[in-house]
Amino acid sequence: MIVIVVLVALSSEVLGAGQHDAVFKSIESTGKECARYLNNDGTGDCNTHCVGVIDHVWNDTVAMFTRNYERFFVPAPEDLCYQNRTQRCLSQVDQVVPVSDKCARARQLGQCYADQYGQLNASQLQYRPMTNLQYNRVFQQCSSMLGLSNDVLKDIATKGVDSVPAFACLVRCTMIRMGLYSDNEGFDLTLATGQCGKYNPALDPVPCQAKVKAEECDRCKRTVRIANECLGLRLNVKQLEENQPPQLVFNIEVYDFNCIILCDFEINF
């Protein structure tokens, strides 16, 4: 069975005591890792590109850093123009350095953040966004742990998420394994936005999550309710294609409050 998952918006490399698959890395640790791979002192032409690839903050398709790269830098509190300056610098590099020269682009784009955005916090651990393959593995793990058959997965896709109780527990398990959710704290908003970007800004998710937790005793239903009511997210399951049984392909899609699909894990980091 091949399962593709699209989900919201989670030592120097930390796995939360075996409870989830979330990984946290720092620029410092990744820089040392890249120096070993590239056999240099850390200042080679391709080191910045290597860091971006390993930390999953580099989009190789457009040869640009993703927004998550910003998390490694700390703007000065009194600096109100750092974002505009950084964007101008990034645009200039984008116009001058060809997409095919990924190492040169990464080096110069990275310098834009260092010069214009803020102070690099090289030792700060940050959440490393998951790729499509990693989501695929997490989803398969949860399906297996919950004992869900192909027939149940097909029912979720064909009958709708509200008609199959197993869907809520599948979402809860997947979110926990991703490191984005816990029963005690609800969604980790920093990690969730680090994975996919945004939730409904009109909502106040912190008191909302506490309210739903107090109202909903069923832990599986609680996860879906918080996603819907506190983050403004809508879940949908689509069966993409069906080959010879038991070869089924599913896609769990998450839409934001404007019905825009979130999280394209087909992008190459």
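All values reported here derive from a predicted model rather than from experimental measurement.

The rules behind these values
Residues numbered from 1 in each chain as written. Predicted model: local features only at pLDDT ≥ 70, side-chain atom pairs only at ≥ 80, totals over all residues. Heavy atoms only, no water. Helix = DSSP H or I, 4+ residues; strand = E, 2+ residues; numbered from the N terminus. Phe/Tyr/Trp six-rings, centres within 6.5 Å; stacked < 30°, edge-to-face > 60°. Buried < 20%, exposed > 50% of the residue type's maximum accessible area, 1.4 Å probe, protein only. Expected span 1.5 Å × (residues − 1). Contact = heavy atoms within 4.5 Å.

A. Quick peek at the environment of D21. Along the chain, D21 turns up in the loop between strand 1 (2–5) and strand 2 (23–25). Residues D21 and R137, spaced 116 residues apart in sequence, show a C-alpha to C-alpha distance of 9.9 Å.

B. View of the packing of aromatic side chains. Summed over all chains, the structure comprises 11 aromatic pairs. Seen in terms of ring centroids, Y69 and F73 are 5.3 Å apart; in terms of plane orientation they differ by 65 degrees. Their pairing is edge-to-face. The same class applies to Y69 as to F73, namely buried. Note on Y113 and Y117: the rings are 6.1 Å apart at their centroids and 50 degrees apart in plane angle, and the pair reads as tilted. On the criterion of helical spacing, the pair formed by Y113 and Y117 is a turn pair, its members being 4 residues apart in helix 4 (residues 102–117). Residue Y117 is classed as buried on the basis of its relative accessible area, which comes to 7%. Ring pairs connect the aromatic residues W58, F65, Y69, F72, F73, Y82, Y113 and Y117, which therefore count as one cluster.

C. Here's a closer look at helix 4. Along its 16 residues, helix 4 runs 21 Å from first to last C-alpha, staying within 8% of the 22 Å computed at 1.5 Å per residue. For helix 4, every residue scored as buried is listed here: C103, A104, R105, A106, L109, G110, C112, Y113 and Y117. On the buried face of helix 4, the contacting elements are helix 2 (47–54), strand 3 (58–59), strand 4 (64–65), strand 5 (73–74) and helix 3 (82–96).

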